Amino acid sequence: MVSMRAVTLIAVLGILLGCSSDEPARPVAQSPPKSRSPDVVLISIDTLRADRLGVYGYGKNTSPVIDGFAQEAVLFERHQAQSPLTLPSHTSIFTGRDPDRHGVRSNGTYRLTGAADTMAEVLASQGFTTGAFISANVLNPMFGLDQGFATYAGDFTERGSNVSTPAAATTDRALAWLDGRRSDERLFLFVHYYDPHKPYRAPPRFAFAHPYDAEVAYVDEQIGRLFERLRRDDRFNDALVVITSDHGQSLGEHGVNGHTLVMYQQTLHVPLLLRLPGGAHGGLRISGITRSTDLLPTILHALGVKQALHVDGVDLGPAMSGAAALGERDAYAETLFSEVRALHQRSLVRGRWKLISWYELGPEQRLEAALEQLGAASADRPELQARIPELIKRARSFGADPRQLYDLASDPGEKRNLYTDEPVVAAELEAALIGRKSVAREASTGERHTLSKEMINQLGALGYLITPNR
Ligand SMILES: [Zn+2]
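Residues numbered from 1 in each chain as written. Predicted model: local features only at pLDDT ≥ 70, side-chain atom pairs only at ≥ 80, totals over all residues. Heavy atoms only, no water.

Draft legend 1. Quick peek at the nonpolar core. Formed by 45 residues in total, the largest nonpolar core has its most connected members in Phe94, Met119 and Phe188. The dominant element in this core, judged by the number of residues it contributes, is helix H8 (residues 295-303), at 5 residues. In contact with Phe94, other than residues within four places in its own chain, are Leu42, Asp117, Thr118, Met119, Ala120, Leu145, Phe149, Phe188, Phe190 and Leu296. The next biggest cluster of nonpolar side chains, apart from the first, holds 41 residues, and it includes Ile45, Val219, Ala239 and Ile243. (Core = buried A, V, L, I, M, F, W, Y, C linked by side-chain atoms within 4.5 Å. Buried < 20%, exposed > 50% of the residue type's maximum accessible area, 1.4 Å probe, protein only. Helix = DSSP H or I, 4+ residues; strand = E, 2+ residues; numbered from the N terminus. Contact = heavy atoms within 4.5 Å.)

The following block contains the structure:
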């Protein structure tokens, strides 16, 4: 075992937005928004890994619309999601907090409480008309992400098997909502597409060798429909438009097809393209590490919204304008997908390095411990017992190293574990993870959530839940 060298830990408790301004934050009622304030359009393409977009280097023309959009947007080359799970990751986007601070740590079994300040709530308080168009039941309003949205639409049901919505239908809903908007309304439009998530069923006109690529191309087309409409409504040019994703997908790398328990870059490196009003700094590419938690402070700063919020992310505005380089920051991620704690994992990216740490295991423990625990946990759980063979297969595919250190610069595929070869780096990153424990429960805005049997079955059908709530 590596002896831990003394490392000074600085607990980053978040930044206070707007403190440096001369102008104090004022409630909306006394401060009606300026008529020229831009609309905000946030598009999240579920399960989209960055490297399957042309503008991130993919050569199969999956994303002509997004590639064109990149010419008037700022592209972030090393953008990291904070969880490979849909609900925790979207909660990080909306609250600017890491999952161990917003407290929504898995799908289905947690929800965001009213104590959280979300992007939609802040923008609603600034006079924006807020609308969300959701494509999967995993973001059902019962999990709390609807707060701040006047409209939060999707196929939310506890019955029936239709639990995700194809991109065209979600786009139709967003366009119908736009039909009802007055030209003087300032909009916050959130569109969530789900198609790159399994099952793959893009319309047959998208002919690609891999069905995942076909789904990406399908969503790309639908984003084109949305943008065309925003242009026709004369909203696009002045709008702040963001395209990102909640997590990627392992497509066979590391022996895995999926994302829920996967902490490699195939699931955590996601796209971020941010178009400032007027397309300012369009075409700029920023190579420093950015995180989903940076989106909330960045969007609010870009809009000139002065509101004090405690977030883990930082404003990317100075980096986009060239006023300041991105400093070195850690990108944290975690998956608490299963109630089987031995399968929990956390990761930290710092500069070129990335540590993946199995949550509850010491370095001396091996995969067998996880499998043992899995077996014990399922003794009285027939629904889990039935999934054990699949879970064991999945767990084994991650290899037997509960501590993994990779040099992303020389080994982007994360194939050479340098944990024992680079003990100082490993110790520093591990200390940073351990140091997080002191803030883990502080200011949590998530709480455990009890699900109905029908919801458990539906989320289970999507591959999300291993075990229901006890
Ligand atoms: Zn997702």
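And the narrative resumes.
Draft legend 2. Spatial organisation of the sheet that holds strand S14 (residues 330-335). Pairing within the open sheet is antiparallel, and its 4 strands lie in the order S14-S15-S16-S17. In the strand order of this sheet, the two ends are held by S14 and strand S17 (403-407), each with one partner. For this sheet, the mean angle separating the axes of adjacent strands, direction not counted, is 15°. As paired strands, strand S15 (residues 345-350) and strand S16 (residues 353-358) are joined by 6 bridges and run antiparallel to one another. Bridging across to S16, Arg346 finds its partner in Ser357. (Pairing = 2+ DSSP bridges. Axes fitted to C-alpha atoms, helices over the stretch in contact; angles between N-to-C directions.)

Draft legend 3. Expanded view of the coordination of the zinc ion. The coordination sphere of the zinc ion, as far as protein atoms go, consists of Asp46 (OD), Thr86 (OG1), Asp246 (OD) and His247 (NE2), spread over 2.0 to 2.1 Å. Geometry at the zinc ion is tetrahedral, judged from its 4 donor atoms and the angles of 103 to 125° they form at the metal. Taken in chain order, the donor set of the zinc ion reads D-x39-T-x159-D-H. You can see Asp46 sitting in the loop between strand S2 (40-45) and helix H1 (64-69) and its partner Thr86 sitting in helix H2 (residues 86-95), a full 40 residues away along the chain. Since its relative accessible area comes to 0%, Asp46 is described here as buried. (Donors = N, O, S within 2.8 Å, 3.2 Å for Na, K, Ca; no water. Tetrahedral: all angles 85-135°; square planar, octahedral: opposite > 155°, others 65-115°.)

Draft legend 4. Layout of the side chain of His259. Along the chain, the position of His259 falls in the loop between strand S10 (257-258) and helix H7 (265-268). A relative accessible area of 6% means that His259 is categorised as buried. Within the local environment of His259, its side chain forms a polar contact with the side chain of Gln249, the two groups lying 2.7 Å apart. (Polar contact = N/O pair within 3.5 Å; in protein donor to acceptor, adjacent residues only side chain to side chain.)

Draft legend 5. The arrangement of the sheet that holds strand S3 (residues 74-80) in detail. Across the sheet, which stays open at both edges, the 8 strands sit in the order S6-S5-S7-S2-S8-S11-S3-S12 with mixed pairing between neighbours. Where the open sheet ends on each side, the last strands, each with one partner, are strand S6 (151-153) and strand S12 (285-291). Each neighbouring strand pair of the sheet contributes to a mean axis angle of 15°, computed without reference to strand direction. Pairing geometry for S3 and strand S11 (residues 272-275), over 2 bridges, is antiparallel. Counterpart to Leu75 in the pairing with S11 is Leu273. Contacts between H2 and the sheet are confined to S2, strand S7 (187-193) and strand S8 (240-244), with S7 contributing the most and set at about 165° to the helix.

Draft legend 6. Broad picture of helix H5 (residues 167-179). Taking 1.5 Å of rise per residue, 13 residues should cover 18 Å, and H5 covers 18 Å from first to last C-alpha, within 8% of that figure. On its buried face, H5 sits against strand S5 (129-133), S6, S7 and helix H6 (211-232). (Expected span 1.5 Å × (residues − 1).)

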